[in-house]
Amino acid sequence: MITFEECGYMLDEIADSMPYELYRDLNGGISLLPQAKIHPKAVNNDLFILGEYIRNSLGNAIVLYYGSIDRVYGKLTREEYYNKLIGILHHEVRHHNEYLAGCDDLGIYDKEQIDKYLRDKNQE
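Residues numbered from 1 in each chain as written. Predicted model: local features only at pLDDT ≥ 70, side-chain atom pairs only at ≥ 80, totals over all residues. Heavy atoms only, no water.

How should the sheet that holds strand β1 (residues 30-33) be read in this particular structure?
Pairing between sheet strands relies on hydrogen bonds along the backbone, with the strands arranged either parallel or antiparallel. What the three strands build is an open sheet, ordered β1-β3-β2; its pairing is mixed. Edge positions in the open sheet fall to β1 and β2 (51-56), since each of these has one partner strand only. Geometrically, the sheet is characterised by an average inter-axis angle of 30° between neighbouring strands, direction not taken into account. Most of the contacts of helix α1 (residues 4-17) go to β1, to which it runs at about 165°, and overall it touches β1 and β3 (59-65). Packing of helix α2 (residues 66-73) onto the sheet brings it into contact with β1 and β3, and relative to β3 it is tilted by some 40°. (Pairing = 2+ DSSP bridges. Helix = DSSP H or I, 4+ residues; strand = E, 2+ residues; numbered from the N terminus. Axes fitted to C-alpha atoms, helices over the stretch in contact; angles between N-to-C directions. Contact = heavy atoms within 4.5 Å.)

Mind showing me how you'd approach the pattern of salt bridges here?
Any two side chains of opposite charge can pair if their charged atoms end up close together. All chains considered together, the criterion is met by eight salt bridges. Ionic pairing is found between D120 and K116, a salt bridge with its closest N-O pair at 2.9 Å. Placement of the pair is D120 and K116 together in helix α4 (residues 105-123), with a separation of four residues, close to one helical turn. For D120, a relative accessible area of 34% corresponds to the partly exposed category. By relative accessible area, which is 40% here, K116 ends up partly exposed. Put simply, E124 and K121 hold a salt bridge, and the shortest N to O gap is 3.7 Å. Classification of E124 by relative accessible area gives exposed; the value is 73%. Overall, the relative accessible area of 21% leaves K121 in the partly exposed class. Through salt bridges with shared partners, a single network forms among D46, K121 and E124. (Salt bridge = Lys/Arg side-chain N within 4 Å of Asp/Glu carboxyl O. Buried < 20%, exposed > 50% of the residue type's maximum accessible area, 1.4 Å probe, protein only.)

Quick question: what am I supposed to make of the environment of L64 here?
Here L64 is to be found in strand β3. A relative accessible area of 0% means that L64 is categorised as buried. Residues L64 and Y117, 53 residues apart in the sequence, show an inter-C-alpha distance of 21 Å. Residue contacts for L64: discarding those within four places in its chain leaves L11, I30, S31, L32, L33, L50, G51, I69, I88, L89 and E92.

Got a minute to help me understand the packing of aromatic side chains in this structure?
Note on aromatic pairs: each is described by the distance of the centres and the angle between the planes. Inspection of every chain in the model, using the stated rule, returns two aromatic pairs. Measuring from centroid to centroid gives 5.6 Å for F4 and Y66, while their planes differ by 90°, and the two rings are edge-to-face. One end of the pair, F4, is in helix α1; the other, Y66, is in helix α2, and 62 residues separate them in sequence. Classification of Y66 as buried rests on a relative accessible area of 8%. Consider the rings of Y53 and Y99, whose centres lie 6.3 Å apart with planes at 50°: the pair is tilted. Of this pair, Y53 sits in strand β2 while Y99 sits in helix α3 (residues 78-101), placing them 46 residues apart in sequence. Taking relative accessible area as the criterion, Y53 reaches 13% and is therefore assigned buried. Owing to a relative accessible area of 41%, Y99 belongs among the partly exposed residues under this scheme. (Phe/Tyr/Trp six-rings, centres within 6.5 Å; stacked < 30°, edge-to-face > 60°.)

This is a description of form; function is not addressed.
Take a look at the structure:
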């Protein structure tokens, strides 16, 4: 099992390896919170939010949820877990950069994924 602290160190390493320009106007930075977060459209509490790009009056930030990541990927090897973290962070940084560019292709993709999840759940 990867601890909260280990996850944080991994995320720091991943974030530091990415071009600094990708973080332009990300004034709220990147945070790792200990809790799990269940998606509001989850059926039987089985859909977890791993990370979020947040825009509000305080600015732009990325929040990752260790509890959710652990629930979904906690049984993976260290290398597999690390690779999943890369994907999660890249996903949220892409949301930020798409917002800056005035588009939301990834947001549309995410919505399509939730719609597919709900269709699949309705067929069970």
